[in-house]
Every structure is written in C-alpha cells, then in structure tokens.
Amino acid sequence: MSRIVGIDLGTTNSLVAYVDEKTGLPRVIPDQEGRVLLPSVVSFTTEGVVVGEAAKRLLVRRPATTVYSVKRLMGRGYEDVKEELCYLPFKVAPCDGIVKIQIGDREVTPPEVSAIVLRSLKERAEAHFREPIEKAVITVPAYFNDSQRQATKDAGRIAGLDVVRIVNEPTAASLAYGLHRLKEGVIAVYDLGGGTFDISILRVKDGVFEVLATNGNTHLGGDDFDRAIVVWLLDDILSEHGVYLGRDTEAMQELRLAAEAAKVRLSAEDRTTLTIPFEEFTYRRAITRAELEGLIEKLVDATLGPCRMAIADAGVAPSDIDEVVLVGGSTRVPLLRRRVQELFAKTPHSQLNPDEVVALGAAVQAHILAGGITSMLLLDVTPLSLGIETLGGIVSVLIPRNTTIPTSAREMFTTSVDGQTIVDLHVVQGERELAKDCRSLARFELSGIDPMPAGMPKIEVTFLIDANGILQAQAKELRTGKATAIEVKPTYGLSETEVERMVEESFAYAEADVEARLLIETRNEADTVITHVERALRQGGELVPVEEREAIREALEELRRARAGDDRGRIRDTTAALNRATEHLADVMMDAALKAALGSKRAAEIMESD
Ligand code: ADP
Ligand code: MG
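Just so you know, these numbers come straight off a predicted model, no measurement behind them.

Draft legend 1. Structural detail: the overall build of the protein chain. When you go through the protein chain residue by residue, the secondary structure sums to 16 helices and 28 strands. Considering only C-alpha atoms, the protein chain reaches an extent of 105 × 60 × 55 Å along its principal axes. Burial statistics for the protein chain: of 610 residues in total, 52% are counted as buried. In the protein chain, the proportion of contacts linking residues at least 24 apart, taken out of those at least 6 apart, comes to 65%. When the 72 basic and 95 acidic side-chain charges of the protein chain are each reduced to a single mean position, those positions are 3 Å apart.

Draft legend 2. Just the sheet that holds strand 7 (residues 66-67), in detail. Read from one edge of the open sheet, 3 strands run 6-5-7, paired in antiparallel fashion. With one partner strand each, in any of the chains shown, strand 6 (48-51) and strand 7 form the two edges of the open sheet. Note that strand 5 (residues 42-45) and strand 6 share 4 bridges and pair antiparallel. Bridge pairing in strand 6 places T45 opposite G48. Lying over the sheet, helix 1 (residues 53-61) contacts strand 5, strand 6 and strand 7, oriented at roughly 100 degrees with respect to strand 6. Contacting strand 5, strand 6 and strand 7, helix 3 (residues 110-129) runs over the sheet at an angle of about 105 degrees to strand 5.

Draft legend 3. Just the site of ligand 1, in detail. T12, G194, E260, K263 and S267 are the nearest of the 18 residues found near ligand 1. Between an oxygen atom of ligand 1 and a main-chain N or O atom of G329, the distance comes to 2.9 Å. Between an oxygen atom of ligand 1 and a main-chain N or O atom of S330, the distance comes to 3.2 Å. Starting from 580 Å² of accessible surface for ligand 1 in isolation, the protein chains cover 92%. When contributions to the shell around ligand 1 are tallied by element, the ones reaching two or more residues are helix 6 (222-241) and helix 7 (249-266). The class makeup of the residues in the shell around ligand 1 is 2 nonpolar, 12 polar and 4 charged. Mapped onto the domain boundaries, the shell around ligand 1 takes at least three residues apiece from domain 1 (4-220 + 302-380) and domain 2 (222-301).

Draft legend 4. Seen up close, the nonpolar core. The biggest cluster of nonpolar side chains holds 47 residues, and the ones touching the most others in it are Y190, I199, I201, F278, I321 and F344. Each of domain 1 (4-220 + 302-380) and domain 2 (222-301) gives at least three residues to this core. In this structure, L9, V41, L85 and V117 belong to the second largest nonpolar core, which totals 44 residues.

Draft legend 5. Looking closely at helix 6. Compared with the 28 Å implied by 1.5 Å per residue over 20 residues, the 28 Å span of helix 6 between its first and last C-alpha is a close match. Restricting attention to buried positions, one finds in helix 6 the residues G222, D223, D224, F225, D226, A228, I229, V230, L233, L234, D236 and I237. Contacts from the buried residues of helix 6 go to strand 13 (184-192), helix 7, strand 16 (271-277), strand 17 (282-288), helix 8 (289-301) and helix 10 (334-344).

Draft legend 6. Focus on the domain arrangement of the protein chain. Domains assigned within the protein chain are domain 1 (4-220 + 302-380), domain 2 (222-301), domain 3 (382-498) and domain 4 (514-597). Domain 1 and domain 4 are separated by 60 Å when their C-alpha centres are compared.

Draft legend 7. Expanded view of the pairing of strand 24 (residues 423-429). Counting buried positions along strand 24 gives 6 out of 7 residues, so the element sits mostly inside the fold. Pairing analysis gives 3 bridges linking strand 20 (residues 386-390) to strand 24, with the strands arranged antiparallel. Bridging across to strand 24, I388 finds its partner in V427. Here strand 24 runs beside strand 25 (residues 439-446); their pairing, made up of 7 bridges, is antiparallel. Each residue of the ladder has a partner; that of H426, found in strand 25, is R443.

Draft legend 8. Structural view of the environment of G430. For G430, the position within the fold is in the loop between strand 24 and strand 25. Classification of G430 as buried rests on a relative accessible area of 6%. Separated by 46 residues in the primary sequence, G430 and L384 have C-alpha atoms spaced 5.5 Å apart.

Draft legend 9. Spotlight on the side chain of T288. Residue placement: T288 occurs in strand 17. Leaving out residues up to four positions away in the same chain, T288 has contacts with L266, D270 and R271.

Draft legend 10. Fine view of the packing of helix 9 (residues 304-314) against helix 10. Direction vectors running N to C along helix 9 and helix 10 enclose 30 degrees, while the axes themselves pass 11 Å from each other. By the angle between their axes, helix 9 is roughly parallel relative to helix 10. Seen along the crossing, helix 9 lies across helix 10 with a hand that is right-handed. Taking contact as the criterion, the partners of L304, C307, R308 and I311 in helix 9 are, on helix 10, R339, L343 and F344.

Draft legend 11. Structural detail: unusual backbone geometry. Even without being glycine, R130 reaches a positive phi, approximately 55 degrees. Tracing the backbone through its elements, the reader meets R130 in the loop between helix 3 and strand 11 (135-140). Relative accessible area serves as the criterion here: at 77%, R130 is assigned to the exposed category. Positive phi is not limited to glycine here, since A345 has a value of about 50 degrees.

Draft legend 12. Up close: the environment of L537. Take L537: it is sitting in helix 13 (residues 510-540). C-alpha separation for the pair L537 and D466, spaced 71 residues apart in sequence, amounts to 51 Å. Residues in contact with L537, not counting those within four places in the same chain, are R549, I552, R553, L556 and L585.

Draft legend 13. Structural context of a negative patch on the surface. Together, D248, E250, E279 and E280 give the surface a local cluster of negative charge. Relative to the elements of secondary structure, E280 occurs in the loop between strand 16 and strand 17. Classification of E280 as exposed rests on a relative accessible area of 68%.

Draft legend 14. Main features of the confidence of the model for the protein chain. Scored by pLDDT, the protein chain comes out at a mean of 86, with 90% of its residues at no less than 70. Confidence drops under pLDDT 50 across residues 490-496; counting only partners more than four residues distant or on other chains, this segment forms 39 contacts. Considering only residues more than four positions removed or in separate chains, one finds that residues 603-610, a stretch of pLDDT under 50, has 0 contacts.

Procedures and definitions
- Residues numbered from 1 in each chain as written.
- Chains lettered and ligands numbered in written order.
- Predicted model: local features only at pLDDT ≥ 70, side-chain atom pairs only at ≥ 80, totals over all residues.
- Heavy atoms only, no water.
- Helix = DSSP H or I, 4+ residues; strand = E, 2+ residues; numbered from the N terminus.
- Buried < 20%, exposed > 50% of the residue type's maximum accessible area, 1.4 Å probe, protein only.
- Contact = heavy atoms within 4.5 Å.
- Lys, Arg positive; Asp, Glu negative; His and termini not counted.
- Charge placed at Lys NZ, Arg CZ, Asp CG, Glu CD.
- Pairing = 2+ DSSP bridges.
- Axes fitted to C-alpha atoms, helices over the stretch in contact; angles between N-to-C directions.
- Near = heavy atom within 4 Å.
- Polar contact = N/O pair within 3.5 Å; in protein donor to acceptor, adjacent residues only side chain to side chain.
- Areas by Shrake-Rupley, 256 points an atom, 1.4 Å probe, with all protein chains shown as cover.
- Nonpolar A, V, L, I, M, F, W, Y, C, P; charged D, E, K, R; others polar.
- Domains from an automatic or database assignment.
- Core = buried A, V, L, I, M, F, W, Y, C linked by side-chain atoms within 4.5 Å.
- Expected span 1.5 Å × (residues − 1).
- Parallel < 35°, antiparallel > 145°, perpendicular 65-115°, else oblique.
- Left-handed = near helix turned anticlockwise from the far one by under 90°.
- Patch = residues over 30% accessible without salt bridge, like charges linked within 9 Å, V, L, I, M, F, W, Y side chains within 5 Å.
- Salt bridge = Lys/Arg side-chain N within 4 Å of Asp/Glu carboxyl O.
- pLDDT = per-residue confidence, 0-100.

So, in structure tokens, the structure goes:
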C-alpha cells in the first residue's frame with residue numbers, strides 16, 4: 001500500500017496532512033521550523049526560486065517577481081481575470097487561451113507556480129516520512145470548473161505527484177469533522193479563505209456523503225477585507241500626510257501586510273495600532289473592531305446570498321440544516337461568525353483549526369483511497385448543466401446542474417438533412433436555453449455515417465462525468481456502429497463571474513428563452529413539413545387534380561412567408577393548414593406506393609417461379 005498524502009492547495013496558504021496509522025486520526029505535517037501553513041507565494045530571484053514564508057518576505061522588496069494568489073489564475077483565460085490584474089503587482093499576459101506570468105524575460109504558467117508550492121509540500125512530507133511520496137489527494141473550491149481542476153492536476157504532475165483524486169474543499173472539511181458518523185443529517189459547510197468563498201450543503205446518511213448543492217464566489221475572501229482596509233488607509237494617509245501611495249508598489253505591499261496583521265489581531269482584540277515606517281514618515285493609526293466591521297460588513301453580507309441559493313438548490317429549508325461547519329482563516333472574524341450563526345440559526349462547528357480542516361479532510365480521503373477505510377463513499381455535484389447543441393441552436397441538457405457525480409447520461413439524436421454523413425457535436429455548459437448564451441466546452445465530429453434519409457440515423461450521445469468532475473462525451477450511430485469520443489478539456493477556465501452571470505441570467509432570461517426556443521422549434525417543424533411537401537409534389541403531384549396541386553402550392557407559399565417572420569402562432573397555424581392541404585395527396589401516394597410494392601412482389605414471384 002503506497003502512501004497518499006492530502007494537500008490543501010490554497011490561494012493564501014497550503015498544507016499537507018496524513019492519517020496516523022496508530023491513532024487513525026489525520027494530522028498536519030509541520031516544516032523544520034514547526035510551521036504548518038506554507039504561504040502560497042513563490043519568488044523568482046537571481047539566486048533561484050524561493051517559496052513560502054521566505055517568498056512572502058520578498059513581496060515588498062521584489063513585487064514584480066514574487067507571485068501570490070496564483071490560484072485565482074489557475075485554468076483561466078485573460079478575459080476571466082483581467083479585472084483583478086490591477087491588484088497584482090506582477091505582470092500577467094494572455095497566451096493561447098490561458099494566462100502566463102512574466103518574470104523578467106521569463107514566462108511561467110499558473111500550474112508551474114502552483115507546482116513549486118506542491119513540490120515544497122512533497123519534500124516536507126518526504127522529510128517527515130523519510131521515504132519518497134508520489135501520490136496525493138488535492139482539494140479545490142467546489143465551484144472550480146473543469147479546466148481549473150485540470151490545471152490543478154497539471155500542477156501536481158509538474159511537481160512529480162500523481163493526483164489520485166481532486167476533492168472539493170467543503171467535502172473534505174466535513175470528513176475532517178468526522179460528520180460521517182452522524183446517522184443522518186444535513187450539513188452546511190461555510191468556507192471563507194483568503195481568496196475564495198464556498199458554501200456546500202451536504203447530506204450524510206449511514207456513513208455516505210452526498211453533496212446536495214454548492215454555491216460560492218471565487219472572488220471573495222480575506223484578501224478583499226485587506227483591500228478594503230488598504231483603501232481606507234490610503235485615504236487616511238492622503239489627508240494626514242498629503243501623499244497618495246496608491247501607485248507605489250512597495251508601499252502598497254507594506255500596507256497590505258500591515259492591514260492583514262491588524263485584521264487578524266482584531267479577531268481577538270477590540271482595538272489595535274498599525275505602525276508602518278515609510279522613508280519620509282512613520283505612519284501610525286489606531287483601528288477598532290467596530291471600524292473594521294464597518295469596512296467589511298458589505299463583503300461579509302455578500303456571502304449570505306450564495307448561502308441562500310445553495311439552500312434553495314438543495315431543496316431544503318434553513319431549519320432542516322443540522323450542522324454548520326466553519327472553514328478558512330477568515331471565519332475567525334467575529335462579525336462573520338455572528339452573521340453565519342444568524343443565517344442558519346445554529347452554533348457552527350469551529351473546534352478544529354479552520355485553516356487546517358481542509359487538509360485534514362484531504363488526508364482522510366487519501367486514507368480511504370489507499371484502502372484504509374472502505375466503508376465510505378463520497379459524492380459531489382456538477383456546478384452547471386451540460387448539454388448538446390441541437391437544430392436551431394437549442395440546448396438539449398443531458399446532465400442538469402447539481403447532479404450528483406460520478407454520473408452518466410444518454411440521449412438519442414438524429415440527422416436533419418437527407419444523406420447526411422457527418423454530424424457536428426457541440427458540447428455546452430450553462431443554464432440558458434440557447435447554445436450561443438452558454439459556454440462552449442468542445443466540438444467534435446461523428447463521421448462515416450451511411451447516407452440515410454433525414455431522421456433515420458440513430459445517434460446516441462453519452463456523457464460521462466468521473467469522480468473528479470471531468471467530462472467525457474461519446475457519440476455513436478447505432479445502425480452502423482460508427483463511434484467517436486472526446487475528453488472535454490477546455491483551454492481555459494470559466495470565471496466565477498461568468499458562472500454567476502450564467503446562473504443569474506438563466507433566471508432573468510428564462511421567459512425570453514422559452515419564447516425563443518418555442519419559435520425555433522416551430523420553425524424547425526415548419527421546415528420539416530415544407531421539405532416533405534416539396535418532395536411529395538415532385539414525386540406524386542401528378543396523382544392529384546391540378547386544382548388540388550395549386551391549393552397545396554398556395555399553402556406552401558403561405559407557410560414560407562409565415563416562417564420568415566417571428567409570429568410563432570402564425571407559423572404553427574399555417575403549418576397545420578399545409579398539413580391539412582396535403583392529407584389527400586399523402587393518402588393517394590401511400591396507395592400508389594402500396595400498389596407498386598404489390599406489383600413488384602408479383603413480378604418477383606413470377607420471376608422466381610420461372
Ligand atoms: P486559503 O484557503 O484561501 O488559502 P486560509 O484558509 O488559509 O485561505 O485563510 C487565509 C485568510 O484567513 C487570510 O485572508 C488571512 O488573513 C485570514 N485569517 C487568518 N487568520 C485570521 C484571523 N485570526 N482573523 C481574521 N482573518 C484571519
Ligand atoms: Mg482554503
């Protein structure tokens with residue numbers, strides 16, 4: 001049995017943990033100096049790469065070559081992150097759908113930077129166990145999409161770790177609290193770290209966890225509290241000393257660190273003093289907890305909306321929630337605890353160190369995978385619906401949002417054109433009715449279909465989502481057995497704002513979407529009827545009187561005109577009228593076809609008997 005460690009790869013801090021064989025309890029692994037948290041900071045110096053506490057100290061002196069908060073950039077595109085780049089003192093540039101960080105004349109990708117953090121944790125564990133460590137479970141925020149998870153796996157690979165499982169942080173936290181021992185219950189996990197916010201509603205029953213719903217905001221955390229304090233300090237320094245430091249990178253880093261330290265102190269004290277020695281003057285300022293609360297209240301309250309949405313998505317009432325778990329360093333803020341307690345009307349669990357909970361849970365999951373615990377199953381959910389674009393740009397959803405994974409779904413499709421031998425499959429993710437409003441995940445092609453009339457081929461599309469949330473799409477034509485498959489690996493991530501926008505828009509546009517969808521469906525129906533009637537006129541027009549043919553042509557023209565417009569009712573009515581006008585022709589043609597079939601059968605019989 002090879003050892004698997006659990007790693008919390010955090011925006012701010014990262015940790016590694018394992019399960020002690022003797023006690024069966026998870027434990028974090030400290031470094032040589034006894035520190036448990038490894039700041040997720042990497043500095044590129046002329047002497048080499050520095051990571052953790054040492055790199056954090058270089059934030060001030062080497063802001064352009066010291067990278068922090070890289071988790072915000074993992075698996076993302078330039079469009080996703082460009083708004084927050086003004087907060088990052090290092091240079092980030094777009095590159096082939098992802099972003100790269102420019103360090104002097106060198107370029108590094110976010111997974112490469114994360115890999116440096118992971119390698120440091122790997123070495124820490126190797127020093128502890130005095131043996132090579134090659135396997136790890138790594139946690140990610142519940143809201144991470146496919147490409148962000150993929151980027152995390154890539155980071156592991158770069159660090160020389162086989163990432164045996166990617167686990168949602170809130171899921172790991174509930175394991176750390178041992179809540180699987182509950183006979184049955186609903187758990188809310190509230191996780192506010194440095195850069196991300198996650199809320200998950202889990203159900204536990206007979207030792208089995210099921211994630212009922214997840215929600216959150218990957219752009220909200222303790223960093224934002226610090227930023228709010230910094231903005232306040234900049235203002236104060238301007239009025240006290242007449243200097244604006246907002247464009248001085250070094251001063252900004254000093255302010256950031258001082259603000260964070262003051263915030264941490266104010267979780268335990270009512271008032272504290274900030275002292276920052278600048279070159280020209282020393283800045284000194286007292287700040288009270290009440291003042292801090294005034295600055296961060298809006299940010300704290302911004303976490304409550306996603307909580308309510310998650311509760312609603314889970315299909316439970318707030319009173320159904322039996323346990324509330326607090327995760328992340330920022331949950332030490334007293335105002336936040338009060339708000340969470342009010343919202344859920346429960347005293348939250350906070351016995352374990354909130355910075356360590358996720359790593360401890362990752363260790364428990366690692367232990368399960370290594371075979372240490374076999375009686376436990378973990379289930380997660382898909383954050384967004386997954387579907388296929390069909391005729392007219394309508395999305396056919398195969399796996400709805402919040403479906404428990406791993407999962408698979410299957411649906412039958414067909415062709416819309418006679419003799420079609422290739423089908424383009426477009427995999428989309430989102431809550432809107434039309435593919436153009438959703439996020440495009442992948443396109444692939446099923447070719448080599450035998451030419452058949454439209455509607456004859458039976459194309460079975462299968463979606464498989466594995467335990468890591470990675471999607472595999474397959475298409476198979478059942479008559480010919482032609483098949484094709486892809487693993488969906490989007491080139492860059494979907495930003496949290498995009499996810500939120502998609503979810504919000506799905507509510508805001510729900511009505512308009514339904515109307516657009518119905519119009520397209522009605523048009524598709526009209527097109528089918530038009531094609532059939534044209535063919536019928538060509539093949540059997542001679543079988544009916546001239547006046548009847550004329551009446552059909554007129555009805556056909558009427559429908560063509562209606563189809564060009566947006567009046568769905570009119571398209572529907574004229575389609576029905578054309579159908580009625582061709583009823584007789586269809587009957588006559590059917591008769592003729594039957595007679596022909598009988599005739600040829602007779603001919604065949606005659607030939608045989610010859
Ligand atoms: P992440 O999961 O993003 O890596 P952590 O769970 O380690 O983050 O939390 C880091 C955040 O917690 C930082 O913003 C830090 O300032 C904040 N934090 C840590 N301790 C305290 C405290 N005592 N009071 C308030 N905030 C704290
Ligand atoms: Mg965390």
